[in-house]
Amino acid sequence: MVLHSDERKREILRILTEKTMPVSASAFAEKFGVTRQIIVKDIALLRAEKIDIISTAKGYMLNRNDSEGCRTTVYVCHDTEKIEDELTTVIDLGGKVLTTAVEHPFYGTLGETLNIKSRKDIKNFLERLRSTKSEPLLKLTQGKHMHIIEADDEESLDEICTALKDKGYIME
């Protein structure tokens, strides 16, 4: 399906609006019969129109800041064996883990969109780590990493942060 630039940009925006997971430039390129570089240019033009599109390692997605929840960044430190407990602590108290990132001394900030909001999401995340034989980002920084977490209100965020601190995950 070859579309004119404006039609293609509208279609990209429609797809990003419908999707909750990232869509790669290669997937868009294949769908529209153009090069990946043309898609990168289209995304840049959409951003110039003040469309809030974020880039992740897996592709592009809309930054859904229209959420009515409250957000905070938590700086935590733990080993690989505590990942499930940390994520479960946030989820069980009504939070969502939106992102994870590390500050690498050479590469700078490295991160990924997670959008973990249920125990099923945690299970799927951990299974993807295992099945791909991948190491979590926290391995690059001796367990130090950060998350953007979201909850319905400030009180819930405070409760989540207190629980993470009580478990020794929050870095002082």
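Residues numbered from 1 in each chain as written. Predicted model: local features only at pLDDT ≥ 70, side-chain atom pairs only at ≥ 80, totals over all residues. Heavy atoms only, no water.

> So, the nonpolar core: which residues are in play, and what are the values?
One finds L87, V97, I116, F125 and I149 to be the most contacted residues of the largest nonpolar core, which totals 21 residues. Of all the secondary structure elements, the ones that give two or more residues to this core are strand 3 (70-77), helix 4 (83-92), strand 5 (108-116), helix 5 (119-131), strand 6 (144-151) and helix 6 (154-166). Look past the residues within four positions of I149 in its chain and what remains in contact with it is C70, R71, T72, V74, V90, K96, V97, L157, I160 and C161. (Core = buried A, V, L, I, M, F, W, Y, C linked by side-chain atoms within 4.5 Å. Buried < 20%, exposed > 50% of the residue type's maximum accessible area, 1.4 Å probe, protein only. Helix = DSSP H or I, 4+ residues; strand = E, 2+ residues; numbered from the N terminus. Contact = heavy atoms within 4.5 Å.)

> Explain helix 1 (residues 5-18) to me, and be specific about the residues and the numbers.
Counted at 1.5 Å a residue, the expected span for helix 1 with its 14 residues is 20 Å, and the 20 Å between its end C-alpha atoms agrees. Every buried residue of helix 1 is listed here: R8, K9, E11, I12, I15 and L16. Each buried residue of helix 1 sits inside an arc of 165° when the element is viewed along its axis, so together they form one side. Exposed residues lying more than 90 degrees from the buried face of helix 1 are R10 and E18. As for helix 1, its buried residues are in contact with helix 2 (25-32), helix 3 (36-48), strand 1 (53-56) and strand 2 (59-62). (Expected span 1.5 Å × (residues − 1). Arc of directions from axis to C-beta.)

> An account of the environment of P22 is needed here, citing residue identities and associated values.
Summarising the element assignment, P22 is placed in the loop between helix 1 and helix 2. Taking the C-alpha atoms as reference, P22 lies 10 Å from I53; in sequence the two are 31 residues apart.

> Outline the sheet that holds strand 4 (residues 96-104), listing residues and values.
The strand order 3-6-4-5 describes an open sheet built from 4 strands, whose pairing is antiparallel. The open sheet has two free edges, formed respectively by strand 3 and strand 5, since each of these has just one partner strand. Taken over all neighbouring pairs, the strand axes of this sheet differ in orientation by 20° on average, direction set aside. Bridge analysis of strand 3 against strand 6 gives 8 bridges, and the strand direction is antiparallel. Among the inter-strand pairings, T73 is bridged to a residue of strand 6, identified as I148. (Pairing = 2+ DSSP bridges. Axes fitted to C-alpha atoms, helices over the stretch in contact; angles between N-to-C directions.)

> Break down unusual backbone geometry for me, with residues and values.
Residues other than glycine seldom take positive phi values, yet N115 does so here, at roughly 50°. Unlike most non-glycine residues, Q142 shows phi in positive territory, near 50°. When you line up the elements, Q142 lands in the loop between helix 5 and strand 6. Using a relative accessible area of 68% as the deciding quantity, one classes Q142 as exposed.

> How would you explain the pairing of strand 6 if you had to name every residue and give the values?
It is a general feature of regular strands that their side chains alternate between the two faces of the sheet. Of all 8 residues making up strand 6, 6 are buried, and the element is well covered by its neighbours. Note: strand 4 against strand 6, 5 bridges, orientation antiparallel. Residue pairing across strands places V97 opposite I149, the latter belonging to strand 6.

> An account of the packing of aromatic side chains is needed here, citing residue identities and associated values.
If you walk through the whole model with that rule in mind, you get 1 aromatic pair. Their ring planes at 5° and their centres at 6.2 Å tell us that F28 and F32 sit as a pair that is stacked. In this pair, F28 and F32 both sit in helix 2, 4 residues apart, roughly one turn of the helix. Each member of the pair, F28 together with F32, is buried. (Phe/Tyr/Trp six-rings, centres within 6.5 Å; stacked < 30°, edge-to-face > 60°.)

> Talk me through the packing of helix 4 against helix 6; I want residue IDs and the actual numbers.
Two quantities define a packed helix pair, namely the angle between the helix axes and the distance between the axes. In contact at an axis separation of 9 Å, helix 4 and helix 6 are set at 155° when each is read in the N-to-C sense. Relative to helix 6, the element helix 4 is oriented roughly antiparallel. Helix 6 is crossed by helix 4, and the crossing has right-handed handedness. Touching E86, T89 and V90 of helix 4 are I160, A163 and L164, all from helix 6. Of the residues that constitute the contact of helix 4 with helix 6, the class distribution is 4 nonpolar, 1 polar and 1 charged. (Parallel < 35°, antiparallel > 145°, perpendicular 65-115°, else oblique. Left-handed = near helix turned anticlockwise from the far one by under 90°. Nonpolar A, V, L, I, M, F, W, Y, C, P; charged D, E, K, R; others polar.)

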